[in-house]
2 protein chains.
Amino acid sequence: MNSLDYFFEPKSIAIIGASHSTGKIGHVILQNLISAGFKGEIFPINPKKGTIIGKQVFASIKEIKTEIDLAIIAIPGALVPKALKECGERKVKAAIIISAGFGEIGNIKLAQELQKVMDKYSFMKIVGPNCLGVMHMKNGVDSLFLPAYRLERPKHGEISFISQSGALGSAILDWASFKNYGINKFVSYGNAMQVDEADLLEYLGKDDSTKVIAVYLEGVRNGKKFFKILRKVTQKKPVIVIKGGITAGGAKATKSHTGSLAGSSEVFKAMLKQANAIHATTLEEVFDFARTFVREPQMKNNRIQIITNGGGYGVLSADALSMNGLQLAKMEEKTRKEILKGVPSYAIIDNPMDLTGDADNKRYEVALNNISIDKNVDAILLILLFQVPTLDSDIIETVQAIKEETGKPLFVISAGGNYSETHRMALEKSNINTFISPFDAAKCFKELFEYYKNRTK
Amino acid sequence: MNSLDYFFEPKSIAIIGASHSTGKIGHVILQNLISAGFKGEIFPINPKKGTIIGKQVFASIKEIKTEIDLAIIAIPGALVPKALKECGERKVKAAIIISAGFGEIGNIKLAQELQKVMDKYSFMKIVGPNCLGVMHMKNGVDSLFLPAYRLERPKHGEISFISQSGALGSAILDWASFKNYGINKFVSYGNAMQVDEADLLEYLGKDDSTKVIAVYLEGVRNGKKFFKILRKVTQKKPVIVIKGGITAGGAKATKSHTGSLAGSSEVFKAMLKQANAIHATTLEEVFDFARTFVREPQMKNNRIQIITNGGGYGVLSADALSMNGLQLAKMEEKTRKEILKGVPSYAIIDNPMDLTGDADNKRYEVALNNISIDKNVDAILLILLFQVPTLDSDIIETVQAIKEETGKPLFVISAGGNYSETHRMALEKSNINTFISPFDAAKCFKELFEYYKNRTK
């Protein structure tokens, strides 16, 4: 049986159902592959032949003489079994079936017919049907049939993301692009008649270019297989799972959406915990947790130092940490003495450390240099309120330098308008995790701490 | 005793400590008053005299012959009692003491000296010391000493906001401006030696231009007075309270920040509930709740209909509603029949209602027209995923028209990149409450429902 590699690193792709009409799915896919800069050979397939976007069209896959690594099938559901059979005969290594109209709408007969073809040519790896398929921008692979002006493709990164739902997956990719989060491999796997969430998880677990895995699912095909693989993968890298249908109302909805029969959500959550997977409730959490694991080092214990130039934000941050079971660090006496030497007497050198409203870059530098080497501090929550004129762009290099040296997780909180947002985004570009809300930051510290703690057990 | 009106609608303002040096607090305040377009008379006070930004400077408030409604005092703390005494002699009606250095740093002697002056001239209303003071952009009143390029001033609106913390207040105003939320009156009241949070709450409760009140506090000066007034005000309009120091770690921090001694947070939360105030945990919640109450009508019961073009978002939304104790509405049979006439057979007319990935404006129109008059539906959660090319700008007018007619709360969820965000913001400008996350929307529905339910009790 072939490897899943053929989905992400194919040397040639056939598009069965390539269309001459702009806007049609089979046209958009071809256009996207070309835009994505796919370097291998592309074979549009359509009985009408001719050319599409300058590419020669073949009437059937049987006409192509060279080897085909990947077929993308985008034709009416009823025609899919025959097309897949031809792929099998041509020894195509992998296929993505975009087409819908199978089990998800109760067409069991067509699904069974398709299953027979899959079984006969079992060396072929199949993703789908009823899916968006695969995106791996590094190699220019992009079977998503949505135009780039609607679904912006995110930059290449270290987070891989698999989604049972196509529309949700596409909204999230688009949003990730907007937020400038990097995505490595994306798979919308739909009905998962062959390759399922567990197979993809196993593959991504072994994939060195994937640092963090995120999963949206409504149900799993084979719970035992899934959790066995999940336990194994989380020993190597973090896996963040968001599950649709964790309430009675949501579970009823999954049934009409993907046909998934949700079991008890309490059991599911307990199993995630046992497997040391990270459970996210919202899509925002998925990406907050993911960028935390991509950028932050291991967190040895949960003692956190808050440094602020606004008392109220310090108080709310202390609340946020406490609410997430984290500790306020008690700095070493020598640290306190050193900092006191370099700041005015009205600064409060405690936790929160309030450098007060007129704090400038130099005052933050003194605080950070000393806290970053304090043995009682495991991580730093740095609040930068840019409403005061004493704090300016210099702070960005200061924070970046500390972050590179300290070896401790460090988050920045910054809330405000244009001036503030410009600086927050500059910090993000310098690879610093920033948050608007201390509560979001605290949740990330919690997950970071617990994942590594449980992994070493 | 004078009315608090003089803080928000003064006819004349004296700035005691107006400075000739750009960047100094006493200079920035004068500049901001001029930029804000304050229409009354402005009297800069400084012993050096001369002119500042073209305004004639007076050596002392005693030199001014006309009536003075409001004095803004921004001089070193030690000089404040004498200056305030002069204000009292001149029969100034209200004063904002920006200066710090009193009780908050343990200078009890100076605080007592100031208290004596306040008591002697008790007709004067005093905000502060140790605060940013007052902003009421409609009248061009702005005592905030932070330049507009750092702290952008939000547009005039219907939310009034009082904050014990100045830095937090200023970050939030700046952020509110960025988000395009309208603010009516803002007060950072600092040490609250005379006018306190309860007085301000009572005033805003009677202020017809304030539709919703938001409060950040770390402690209350007089709990009995505060809760008595709170109970009264919430019978007229919603009051959203966020309290710093609701955990042990946070409470310790409030002590060194504002000197507030936090009592049991559980008791505090129970008292908020009893007073039918809305408790927010994060600053995001404060403004999500506030704009909900500004824009949405009363919600009669908690049965909500989800309408979506992406199944996964429908599932997560059903989870979000259930997690917040809300019900999925069961539409009337006639509604279902009417909608079925106007949508393809593969659309799922249930709750969530999945109009599927190729839904266009017309399909949404059919769904919305029928759901908006359904007696079993109390509110609508509308999901618009703009990644698909079938959905475009037409939907904005459709939603706006429904919103104006229906009389039911309606939220829109939309997540994505530039195309999507452009449309989400267009909806916001059309006075539609939009959210990126269904979980945030669900929390707002919950607070909306519970506030009116408890008020009618």
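Undergrad: Requested: an account of the packing of aromatic side chains, with residues and values cited.
TA: Residues and elements named next belong to chain B. One pass over the full model with this rule turns up 34 aromatic pairs over all chains. When the ring of Phe-43 is compared with that of Phe-58, the centres are 5.7 Å apart and the planes differ by 75°; the resulting orientation is edge-to-face. Here Phe-58 lies in the loop between β4 (55-56) and β5 (70-73) and Phe-43 lies in strand β2 (residues 41-45), a separation of 15 residues in the sequence. For the residue pair Phe-43 and Phe-58, the accessibility class agrees, reading buried in each case. Note on Phe-293 and Tyr-451: the rings are 5.3 Å apart at their centroids and 85° apart in plane angle, and the pair reads as edge-to-face.

Undergrad: Any details on the side chain of Glu-421 of chain A? Residues and values, ideally.
TA: Checked against the element boundaries, Glu-421 of chain A lands in helix α15 (residues 418-429). Contacts of Glu-421 of chain A, omitting those with residues within four sequence positions, involve Gly-416 and Ile-436 of chain A together with Phe-178 of chain B.

Undergrad: Give me the relation of the copies chain A and chain B: which residues, what numbers.
TA: Structural alignment of chain A on chain B gives an RMSD of 0.0 Å, achieved by rotating through 180° and translating 0.0 Å along the axis. Read as a symmetry element, the transformation amounts to a two-fold axis.

Undergrad: Let's hear about the pattern of salt bridges: which residues, and what values?
TA: All names here are of chain A. Here the structure, examined in full by the defined rule, presents 48 salt bridges over all chains. Measuring nitrogen to oxygen at the nearest pair gives 3.0 Å for the salt bridge that ties Asp-288 to Arg-291. With Asp-288 and Arg-291 both in helix α10 (residues 283-295) and three residues apart, this pair spans about one turn of that helix. Comparing Asp-288 with Arg-291 shows no difference in burial state: the two are buried. Two residues, Arg-363 and Asp-358, come together in a salt bridge whose shortest N-O distance is 2.9 Å. Relative accessible area serves as the criterion here: at 8%, Arg-363 is assigned to the buried category. For Asp-358, a relative accessible area of 32% translates into the label partly exposed. One network of salt bridges, in which partners are shared, links Asp-196, Asp-199, Arg-221 and Lys-225.

Undergrad: Explain the sheet that holds strand β1 (residues 12-16) of chain A to me, and be specific about the residues and the numbers.
TA: Residues and elements named next belong to chain A. Reading across the sheet, the five strands line up as β2-β1-β5-β6-β7 and stay open at both edges, with parallel pairing between neighbours. The sheet is open, and its two edges are formed by β2 (41-45) and β7 (125-127), each paired on a single side. For this sheet the average axis-to-axis angle between neighbouring strands, irrespective of direction, equals 15°. Packed on one face of the sheet, helix α3 (residues 80-89) meets β1, β5 (70-73), β6 (94-97) and β7 and runs near 170° to β5.

Undergrad: Tell me what's going on with the packing of helix α11 (residues 311-323) of chain A against helix α5 (residues 166-178) of chain B, and back it up with residues and numbers.
TA: Viewed as axis vectors pointing N to C, α11 of chain A and α5 of chain B meet at an angle of 90°, and their least axial separation amounts to 5 Å. The angle between the axes of α11 of chain A and α5 of chain B places the two elements in the roughly perpendicular class. Along its contact with α11 of chain A, which presents Gly-312, Tyr-313 and Leu-316 of chain A, the element α5 of chain B presents Leu-168, Ala-171 and Ile-172 of chain B. A breakdown of the residues in the contact of α11 of chain A with α5 of chain B according to their chemical character gives five nonpolar, one polar and no charged.

Undergrad: Go over the packing of helix α13 (residues 361-371) of chain B against helix α14 (residues 394-406) of chain B with me, naming the residues and quoting the values.
TA: All names here are of chain B. Where α13 contacts α14, the axes come no closer than 10 Å and their chain directions differ by 10°. By the criterion of interaxial angle, the relationship of α13 to α14 is roughly parallel. Facing α13, whose interface residues are Asn-361, Tyr-364, Glu-365, Leu-368 and Asn-369, α14 presents Asp-394, Ile-395, Thr-398 and Ile-402. Partitioning the contact of α13 with α14 into residue classes produces four nonpolar, three polar and two charged.

Undergrad: Lay out the pairing of strand β12 (residues 212-217) of chain B with the relevant residues and their values.
TA: Residues and elements named next belong to chain B. Extensive coverage of β12 is indicated by the burial of six of its six residues. Every second residue of β12 is oriented toward a common face, with Val-212, Ala-214 and Tyr-216 on one face and Ile-213, Val-215 and Leu-217 on the other, all of them buried. Relative to strand β13 (residues 239-243), β12 runs parallel, the two sharing five bridges. Bridge pairing in β13 links Val-215 to Val-241. With helix α7 (residues 223-233) bridging β12 and the parallel β13, this β-α-β connection has right-handed handedness.

The rules we used
- In every chain, residue numbers begin from 1 and rise along the written sequence.
- Chain letters and ligand numbers both follow the written order, the letters beginning at A and the numbers at 1.
- The predicted nature of this model means local features are confined to residues of pLDDT at least 70 and side-chain atom pairs, given and counted, to a pLDDT of 80 or more, with totals for whole chains, interfaces and linings taken over all residues.
- As a rule here, side-chain values come from all non-hydrogen atoms in the structure, and water together with hydrogens is ignored.
- In summary, the pairing rule links any two rings of Phe, Tyr or Trp, Trp by its six-membered ring, whose centres are within 6.5 Å, and it sorts them by plane angle into stacked for under 30 degrees, edge-to-face for over 60 and tilted for everything else.
- Labels follow the DSSP assignment, with helices taken as runs of H or I lasting at least four residues and strands as runs of E lasting at least two, numbered in each case from the N terminus.
- Classification of residues uses two cut-offs on accessible area relative to the type maximum, computed with a 1.4 Å probe and protein chains only: under 20% is buried, over 50% is exposed, and between them is partly exposed.
- Residue contacts follow a heavy-atom distance rule, with two residues in contact if any of their heavy atoms lie within 4.5 Å.
- Alignment of copies: least-squares fit on C-alpha atoms of residues with pLDDT of at least 70 in both copies.
- In what follows, salt bridge is the name for a side-chain nitrogen of Lys or Arg lying within 4 Å of a carboxyl oxygen of Asp or Glu.
- In this scheme, strands are said to pair when DSSP sees at least two bridges between them.
- Orientation is described by lines fitted to C-alpha atoms, with helices fitted over the stretch in contact, and by angles between N-to-C directions that extend from 0 to 180 degrees.
- Put simply, angles under 35 degrees are roughly parallel, angles over 145 are roughly antiparallel, angles from 65 to 115 are roughly perpendicular, and the rest are oblique.
- In the scheme used here, Gly and all other residues not listed as nonpolar or charged are polar, with Ala, Val, Leu, Ile, Met, Phe, Trp, Tyr, Cys and Pro taken as nonpolar and Asp, Glu, Lys and Arg as charged.
- When the strands point away from the viewer and the path from the first strand over the helix to the second turns clockwise, the crossover is right-handed.

These results come straight from atomic positions and should not be treated as a statement about function.
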